[in-house]
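Given next are the chains, with one letter for each unit.
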Amino acid sequence: MWVYGALCRARSLARVQQELFSASWRRGPACSSYSASDDPSRVQALVYGLHGDPAKVVELKDLELAAVGGSDVHVKMLAAPINPSDINMIQGNYGLLPKLPAVGGNEGVGQVVAVGSIVTGVKPGDWVIPANAGLGTWRTEAVFSEDALIGVPRDIPLQSAATLGVNPCTAYRMLMDFEQLRPGDSVIQNASNSGVGQAVIQIAAALGLRTINVVRDRPDIQKLKDSLKNLGAEHVVTEEELRKPEMKNIFKAIPQPRLALNCVGGKSSTELLRQLAPGGTMVTYGGMAKQPVIASVSLLIFKDLKLRGFWLSQWKKDHSPDQFKELILTLCDFIRRGQLTAPACSEVPLQDYQRALEASTKPFVSSKQILTM
């Protein structure tokens, strides 16, 4: 899933990257969960100086911590996932690329250690997540500008907080922004076991929407189907089953979907279009198959289908920081009510990053790799 946050409004990404490699440091008041290292001016980070294969270009390095200025926040990172967009950035084929050398990671949660003299939005002990992409979360700690962070409540699970700012935001906005859906309406999606897919299933169920979820066939397909149904999926079918005439039987019990969510492209996206109700919309937010979306002329003419795209970075550009904060708090309410859980995760210590990177690029792995600090 490859739609993530935009650049920090108040600073260019280049300036942020320069700050991340700044050489000076001064200690601030410690919070209860923070334990300083023997050399508090040194931190560990996963850095890449060239674009390429993550397994070859990413290195664990010692960096010096930047000084805490008046508007800055010293953050001890707690957990940070490896998302497809992180891999794409390192490979150099994403729509937003930081200045090199760069620290990997666009998402995660940290705890505030100290704040500058004019910081008012957060305090030591608070949890924070990045407001935008490009900060580099794969590190033990860092100093960020206050406007590059959003405070999140500490009464949600750590894994939920670490994976809050990208996949659930994408899922919620796609469900809300393209079709006026009502309880009882249905949605169809592919890549349903992805982080976004799992969030779509849960948020849709909370909104009273019914989901048809498409996944690739695999040896443990029944186990995967059961796990998605436990999240709230009404129907789970393979790509092969989607193409069979028996799919029509599903729509005897539920209405044809007016919204399709495409993260794959190629033949899979064509099949989603075939299942849409007349006048429906397919939203593309990724291209895992690395193949173009193919829409037949007849579907466009006779069913008047609409093809749209979604990128969370663009949504943030078009909306205020307060609106993104509101979105985050809305999702936190879902979490508190037990209606939204973190995707299946595997926690891996930062020092074992090679294992995590390898697992994150393997096919048929439904567990998101989360680096712990």
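Residues numbered from 1 in each chain as written. Predicted model: local features only at pLDDT ≥ 70, side-chain atom pairs only at ≥ 80, totals over all residues. Heavy atoms only, no water.

As annotated in an unreviewed UniProt entry, the protein carries the name Enoyl-[acyl-carrier-protein] reductase, mitochondrial and comes from Orycteropus afer afer. Listed in UniProt under the heading Sequence similarities (unreviewed entry), the comment for the protein reads: "Belongs to the zinc-containing alcohol dehydrogenase family. Quinone oxidoreductase subfamily." Entered under Subcellular location (unreviewed entry) in the UniProt record, the comment concerning the protein runs "Mitochondrion". (UniProt positions renumbered as here; feature names shortened; annotations may be inferred.)

A. Seen up close, the environment of Glu141. Assignment of secondary structure puts Glu141 in strand E7 (residues 141-145). Glu141 sits 78 residues away from Leu63 along the chain, and the two C-alpha atoms are 9.9 Å apart. Reaching out from Glu141, the side chain makes a polar contact with the side chain of His74 at a distance of 2.6 Å. (Helix = DSSP H or I, 4+ residues; strand = E, 2+ residues; numbered from the N terminus. Polar contact = N/O pair within 3.5 Å; in protein donor to acceptor, adjacent residues only side chain to side chain.)

B. Region of interest: the pairing of strand E12 (residues 259-262). Alternating residues of E12 divide into Leu259 and Leu261 and Ala260 and Asn262, and every residue in both groups is buried. Pairing analysis gives three bridges linking strand E9 (residues 186-189) to E12, with the strands arranged parallel. The residue of E12 that forms the bridge with Val187 is Leu259. Across four bridges, the pairing between E12 and strand E13 (residues 281-284) is parallel. Of the residues in E13, the one forming a bridge with Ala260 is Met282. In the classification by handedness, the crossover that spans E12, the intervening helix H10 (residues 266-275) and the parallel E13 is right-handed. (Buried < 20%, exposed > 50% of the residue type's maximum accessible area, 1.4 Å probe, protein only. Pairing = 2+ DSSP bridges. Right-handed = clockwise from strand over helix to strand, strands pointing away.)

C. Inspection of the sheet that holds E13 at higher detail. The six strands are arranged E11-E10-E9-E12-E13-E15 in an open sheet whose pairing can be described as parallel. The two strands at the open ends of the sheet, each matched to only one other strand, are strand E11 (235-238) and strand E15 (306-309). Averaged over neighbouring strand pairs, the angle between their axes works out to 20 degrees when direction is ignored. (Axes fitted to C-alpha atoms, helices over the stretch in contact; angles between N-to-C directions.)

D. Focus on the pairing of E9. Residue alternation in E9 divides its side chains into two sets, Ser186 and Ile188 and Val187 and Gln189, and both sets are buried. Across four bridges, E9 lies against strand E10 (residues 210-215) in parallel orientation. Each bridged residue has a counterpart across the sheet, and for Val187 the counterpart in E10 is Thr211. At this point the chain moves from E9, through helix H6 (residues 195-206), to the parallel E10, and the crossover so formed is right-handed.

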